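Structural description and commentary
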Amino acid sequence: LDVYADWCGPCKVLGPALEEMAVKSGGMFRLVKVNSDNERPVSQALEVTALPTVFGIRDGKIVHMFQGMPRSEDMMKNFMMGLFGAAPFSPPVTSQETAKYQELSSKLIKAAGAASFSFSARERLTDRITAKLDELVQDESVPDVEGSATLIRTFLSNAIKNPYEQKYRKINLENKIVASKIGGNASCLAVLKSVGFAKSGTEMILAKGKKVINVAPLVVARDCIDKWIQRNRNEMAAAARRRKDEMDRARLLAKWENEEEEDEDEDLEQDAEEVDPLACTLKLRLDGKKKIHEAVLHQDDPLSKVLEVLNVDASEEDVQITCVSKRMIVKSSDEQAMSKTLGDHGLMPAAAIVVKVGSSTKNDAVDTSSLKDRAAGKKRKKGSHTMQSIGIYAKDDDNKAELIDGGGGVWYEHDVSDDEEENQNDAQDEPSSLKDKEPETSKEEGSPDGASEDD
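As the structure is a computational prediction, the values presented were derived from the model and not from experiment.

1. Brief notes about the overall build of the protein
If you tally the helices and strands in the protein, you get 14 helices and 15 strands. Sorting the 455 residues of the protein into buried and exposed places 30% on the buried side. Considering only contacts in the protein between residues 6 or more positions apart, those separated by 24 or more positions represent 63%. Accessible area of the protein: about 30,600 Å², with a carbon and sulfur share of 49%.

2. So, unusual backbone geometry
For the bond running from Ser 90 to Pro 91, omega is 0°, close enough to zero to count as cis. With respect to the helices and strands, the residue Pro 91 is situated in the loop between helix 3 (73–84) and helix 4 (95–116). Along the chain, Met 348 connects to Pro 349 via a cis peptide bond; the corresponding omega equals -5°. Locating Pro 349 in the fold gives a position in the loop between helix 12 (335–339) and strand 12 (350–357). Backbone geometry places Glu 47, a non-glycine residue, at a positive phi of 55°. In this structure, Glu 47 sits in the loop between helix 2 (40–45) and strand 3 (53–58). With phi around 55°, Arg 327 is a residue other than glycine that occupies positive phi space. Examined against the element boundaries, Arg 327 turns out to sit in the loop between strand 10 (319–323) and strand 11 (328–331).

3. Points about the sheet that holds strand 8 (residues 279–286)
Across the sheet, which stays open at both edges, the five strands sit in the order 9-8-12-10-11 with mixed pairing between neighbours. Only two strands of the sheet have a single neighbouring strand rather than two, namely strand 9 (293–298) and strand 11. Going across the sheet, the axis of each strand differs from the next one's by a mean of 25°, ignoring polarity.

4. Comments concerning the pattern of salt bridges
Enumeration over the complete set of coordinates arrives at 14 salt bridges. For Asp 2, the salt bridge identified is with Lys 33, shortest N-O distance 3.0 Å. Of the two residues, Asp 2 is situated in strand 1 (residues 2–4) and Lys 33 in strand 2 (residues 33–35); the sequence distance between them amounts to 31 residues. Classification of Asp 2 as buried rests on a relative accessible area of 1%. Each of Glu 47, Lys 100, Glu 103 and Lys 107 takes part in one network of salt bridges that share partners.

5. Describing a nonpolar patch on the surface
Where nonpolar side chains cluster on the molecular surface, the patch consists of Met 28, Met 81 and Phe 84 and spans about 290 Å² of accessible area. Mapped onto the elements, Phe 84 comes out in helix 3.

6. Focus on the side chain of Ser 25
Looking at the secondary structure, you find Ser 25 in the loop between helix 1 (9–24) and strand 2. Side-chain polar atoms of Ser 25 contact the backbone oxygen of Ala 22, separated by 2.8 Å.

7. Quick notes on the packing of aromatic side chains
Applying the stated criterion across every chain yields a total of three aromatic pairs. Judged by centre distance (6.0 Å) and plane angle (45°), the ring pair of Phe 29 and Phe 84 falls under tilted. One end of the pair, Phe 29, is in the loop between helix 1 and strand 2; the other, Phe 84, is in helix 3, with 55 residues separating them in the sequence. Overall, Phe 29 belongs to the buried group, its relative accessible area being 18%. Ring centres of Phe 79 and Phe 89 lie 6.2 Å apart, and the angle between their planes is 50°; this geometry places the pair in the tilted category. Note that Phe 79 is positioned in helix 3 and Phe 89 in the loop between helix 3 and helix 4, a separation of 10 residues in sequence. Looking at Phe 79, the relative accessible area reads 6%, which means it is buried.

8. A short note on the pairing of strand 7 (residues 203–206)
Side chains on a regular strand alternate between the two faces of the sheet. As paired strands, strand 5 (residues 170–172) and strand 7 are joined by three bridges and run antiparallel to one another. Across the sheet, the residue bridging to Lys 170 is Ile 205, located in strand 7. As paired strands, strand 6 (residues 197–200) and strand 7 are joined by four bridges and run antiparallel to one another. Residue pairing in the sheet places Lys 199 in a bridge with Met 204 of strand 7.

9. What about the sheet that holds strand 3?
In space, the four strands of this open sheet follow the order 2-1-3-4, with mixed pairing throughout. Taken across any chain shown, the strands that pair with only one partner, and hence form the sheet edges, are strand 2 and strand 4 (61–67). For this sheet, the mean inter-axis angle between neighbouring strands, taken without regard to orientation, is 25°. Across three bridges, the pairing between strand 1 and strand 2 is parallel. Paired with Val 3 across the bridge in strand 2 is Val 34. Against the sheet, helix 1 engages strand 1, strand 2, strand 3 and strand 4, with an angle of about 155° to strand 1.

About the thresholds
Residues numbered from 1 in each chain as written. Predicted model: local features only at pLDDT ≥ 70, side-chain atom pairs only at ≥ 80, totals over all residues. Heavy atoms only, no water. Helix = DSSP H or I, 4+ residues; strand = E, 2+ residues; numbered from the N terminus. Buried < 20%, exposed > 50% of the residue type's maximum accessible area, 1.4 Å probe, protein only. Contact = heavy atoms within 4.5 Å. Areas by Shrake-Rupley, 256 points an atom, 1.4 Å probe, with all protein chains shown as cover. Pairing = 2+ DSSP bridges. Axes fitted to C-alpha atoms, helices over the stretch in contact; angles between N-to-C directions. Salt bridge = Lys/Arg side-chain N within 4 Å of Asp/Glu carboxyl O. Patch = residues over 30% accessible without salt bridge, like charges linked within 9 Å, V, L, I, M, F, W, Y side chains within 5 Å. Polar contact = N/O pair within 3.5 Å; in protein donor to acceptor, adjacent residues only side chain to side chain. Phe/Tyr/Trp six-rings, centres within 6.5 Å; stacked < 30°, edge-to-face > 60°.

In structure tokens:
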């Protein structure tokens, strides 16, 4: 590739020499001349800084270059032999130069592809891809429209970044992710076919057998998908929600139908079971015990049957049978009530019964003396006691305790009492109180109508 200009003197000398070499080679290489003034995008993509600039290209990749006139005939021969692969370049190409050539090759491919892809072809491709993506939104068989469009964009982007790699031009339709998002969907396959993919068995292949591809249609398709996703993101989200709601509704409906069938089966099983209408289910518990005994008796069984279930002998101790829910209290001494049936007592079909065996002795041991006597019988602590009260008092409120000024308008009432003095005072006051009571009693007895003077 010879990049030249009409006003360049060295270009006028090198150009004819290269043309003569191409003619004499018998088709071993092809010479392409680019006028840098007329094709500025190409010269800018190749970063041409001097004229003439010659690039050696093999299999679509730039392998070497030189600027200006060759210094010698041997230099030119070495360049051509290295281009054909017959001998290595001298001096050899460094790793930095190789990376630079790869970058320039990628730019050259994009510039050449854009130049060969007309504006009308670009518009037709954009309209076709947009229409197919719109159909994808309306397709109820695709659960994730945005995911499918994003996956197609990923395939296109990989091919654009690696135009020389064959593996990035193949799509395995049997892949789990590809099958779930693209699969055999007609709209997705149409988008891939519009940029050059062709179906081969279970794969989609782009530019089969070619060493390099034209990335211009891929770039147009990728940019179209990006704009379409940005524009229709809300609509795709709404469509995804509708599909999700329909799937949830179908799942709930299937679950409800299964539960309804199970309920019908359970009802049939319950109807099939034989239920005794005369059975009385009782939960029995001895008073003071936590264990519950379950028993199923007959409606016509007497109430005394409950004692037999609990192994309680009513002849030795008094027994009381209580059912709170039925408001029933029966003692074993009531033979008539004990002989009545469970149905007569209204214990059908189920009831909870508490059986109390023996009389309680706790009540007999309870002291029935007055509160004053019980308080006097308690052991009192001996010694002096102090009581303080905090409040606002007047100095002349006739209080018996000592007032202490706490500041801020707060006074403390301090009262000191002694148990021993109280006991002595109580002992002195007791005879006098008894004397006071005796005349009143005699006065009441002497009254003709039995009424006191106070009355």
